[in-house]
Amino acid sequence: MKATSLTPSPLVTFLQRALEGHMDGSAVIYRNLANALRLAIAEGVIGHGALLPSERDLGELVGISRTSVRKAMDSLVDDGVLIRRQGARTAVAERVEKPLSSLTSFTEDMRSRGLEPGMVWLSRETGAASPAETMALNLSVGQQVCRLRRLRTGNGKPMAIESAVIPVSFLPDPYEVTSSLYDVLSLRGCRPARALQRLRAAIANADDARLLGLDIGAPLLVAERRCFANDGRPVEFTQTRYCGERYDFIVELRQADTD
């Protein structure tokens, strides 16, 4: 390791130890650094959302070239482990794993992962259902719905933009919802019991970028969900635009019974 006046952090000390004996051959050094950074994140040496040292500082501290540091960071950015925004240093991605096998609210998702759920109201209104809403909720033409649009946060950081539509037969007043929509629907005896959900990729438009703190064109995960009560009636039609840097959707797969 070459001498430097910079003060090593716990991350740098961890990386120095992890790279001992693995500094042979420039072709693999960046891979070794990338693997060491993955391990540091997995073991909690550096937390999600934390900033990394600059490429030059990190190279000086661990004793490898800036080019190798950049290649290691680029590979982790490509894998979604790190994020890099224009004009800012590289940071560890903040990701929430959301299972697709259970029907849970955003509030429940956040709390189950030790994050404090929050929201910023963007709009609350009642009006006639649009043609798409009429079809999704199996309504008659002209029936009234409540529309709730919120910026959803975890530990104060923007995670998703949620637009929910509920027939007024289930939710007469949108202002009844002050935190969790599902808590309100539970009290009214119509909490969703099952759902059909479709996922697709999208890119952030100007409004998404402003609300989620992203660059225009950043990746999004868009989930459209139709929820049904126990008696089969459609209760909710929701589109949620998730920050692609912070969300992973997880589904458990089992071998099909071929007998």
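Shown above is the structure to which this text applies.
Attention in this report is confined to the structure presented alongside it.

As for the nonpolar core
Nonpolar side chains tend to gather and get buried jointly when the protein is soluble and globular. Ranked by internal contacts, the top residues of the largest apolar core, which has 26 residues, are Leu-15, Leu-33 and Leu-82. Every element with two or more residues in this core is listed here: helix H1 (10-19), helix H2 (26-42), helix H3 (55-62) and helix H4 (66-78). Top element by residues in this core is H2. It accounts for 8 residues. With residues near it in sequence (within four places) discarded, Leu-33 still touches Leu-15, Leu-19, Ile-64, Val-69 and Ala-72. Counting 15 residues, the second-largest nonpolar core is a separate cluster that includes Leu-148, Leu-171, Cys-227 and Val-235.

Some thoughts on empty space enclosed by the protein
The tally for this structure, following the rule as stated, stands at 1 cavity of 30 Å³ or more. In this model, the largest cavity occupies a volume close to 200 Å³. Along its surface, the largest cavity is lined by 20 residues, and Ser-105, Phe-106, Glu-162, Arg-225 and Glu-236 are the ones closest to its centre. Among the secondary structure elements, those contributing two or more residues to the lining of the largest cavity are helix H5 (106-112), strand S5 (144-154), helix H7 (181-187), strand S8 (219-228) and strand S9 (234-243). Here the lining of the largest cavity takes 4 residues from S9, the largest share from any one element. Looking at the lining of the largest cavity, its residues break down into 5 nonpolar, 8 polar and 7 charged.

Description of H3
Where H3 is concerned, the buried positions are Glu-55, Leu-58, Gly-59, Leu-61 and Val-62. Along H3, the residues classed as buried sweep out an arc of 165 degrees about the axis, all on the same side. Packing partners of the buried residues in H3 comprise H1 and H4.

Looking at the environment of Leu-212
Topologically, Leu-212 is positioned in helix H8 (residues 206-212). Along the sequence, Leu-212 and Lys-157 sit 55 residues apart, while their C-alpha atoms lie 8.3 Å from each other.

So, the pattern of salt bridges
Enumeration according to the criterion identifies 13 salt bridges in this entry. The partner of Arg-150 in a salt bridge is Glu-162, and the shortest N-O contact between them spans 2.8 Å. Of this pair, Arg-150 sits in strand S5 while Glu-162 sits in strand S6 (residues 157-167), placing them 12 residues apart in sequence. Of the two residues, Arg-150 and Glu-162, both sit in the buried class. Two residues, Glu-176 and Arg-188, come together in a salt bridge whose shortest N-O distance is 3.6 Å. Note that Glu-176 is positioned in the loop between S6 and H7 and Arg-188 in the loop between H7 and strand S7 (194-203), a separation of 12 residues in sequence.

Notes on H4
Because each turn of an α-helix spans 3.6 residues, side chains separated by three or four positions in sequence point in the same direction. Taking 1.5 Å per residue, 13 residues should reach 18 Å; H4 reaches 18 Å between its end C-alpha atoms and fits that length. Residues Ser-68, Val-69, Ala-72, Met-73 and Leu-76 constitute the buried set of H4. Axial view of H4: buried residues confined to an arc of 130 degrees, hence all on one face.

Some remarks on unusual backbone geometry
Of note, Asn-138 is a non-glycine position whose phi angle comes to about 55 degrees, a positive value. Relative to the helices and strands, Asn-138 is located in the loop between helix H6 (131-136) and S5. Given a relative accessible area of 63%, Asn-138 falls into the exposed group. In the Ramachandran plot, Asn-155 falls in the positive-phi region, its phi being about 55 degrees despite a non-glycine side chain. Among the secondary structure elements, Asn-155 is positioned in the loop between S5 and S6.

Re the sheet that holds S6
Spatially, S4-S5-S6-S9-S8-S7 is the arrangement adopted by the 6 strands of the open sheet, whose pairing is antiparallel. Of all the strands in the sheet, the pair left with one neighbour each is strand S4 (117-128) and S7. Along the sheet, successive strands turn relative to each other by an average axial angle of 15 degrees, direction set aside. Relative to S5, S4 is paired through 11 bridges, and the arrangement is antiparallel. When the sheet's bridge partners are listed, Trp-121 is paired in S5 with Arg-150.

Analysis parameters
Residues numbered from 1 in each chain as written. Predicted model: local features only at pLDDT ≥ 70, side-chain atom pairs only at ≥ 80, totals over all residues. Heavy atoms only, no water. Core = buried A, V, L, I, M, F, W, Y, C linked by side-chain atoms within 4.5 Å. Buried < 20%, exposed > 50% of the residue type's maximum accessible area, 1.4 Å probe, protein only. Helix = DSSP H or I, 4+ residues; strand = E, 2+ residues; numbered from the N terminus. Contact = heavy atoms within 4.5 Å. 1 Å grid on protein atoms, 1.4 Å probe; cavity = no way out; pocket = protein on both sides within 12 Å on 5 of 7 lines; lining within 4 Å. Points joined across faces, edges and corners; volume = space filled by probe spheres on them. Nonpolar A, V, L, I, M, F, W, Y, C, P; charged D, E, K, R; others polar. Arc of directions from axis to C-beta. Salt bridge = Lys/Arg side-chain N within 4 Å of Asp/Glu carboxyl O. Expected span 1.5 Å × (residues − 1). Pairing = 2+ DSSP bridges. Axes fitted to C-alpha atoms, helices over the stretch in contact; angles between N-to-C directions.

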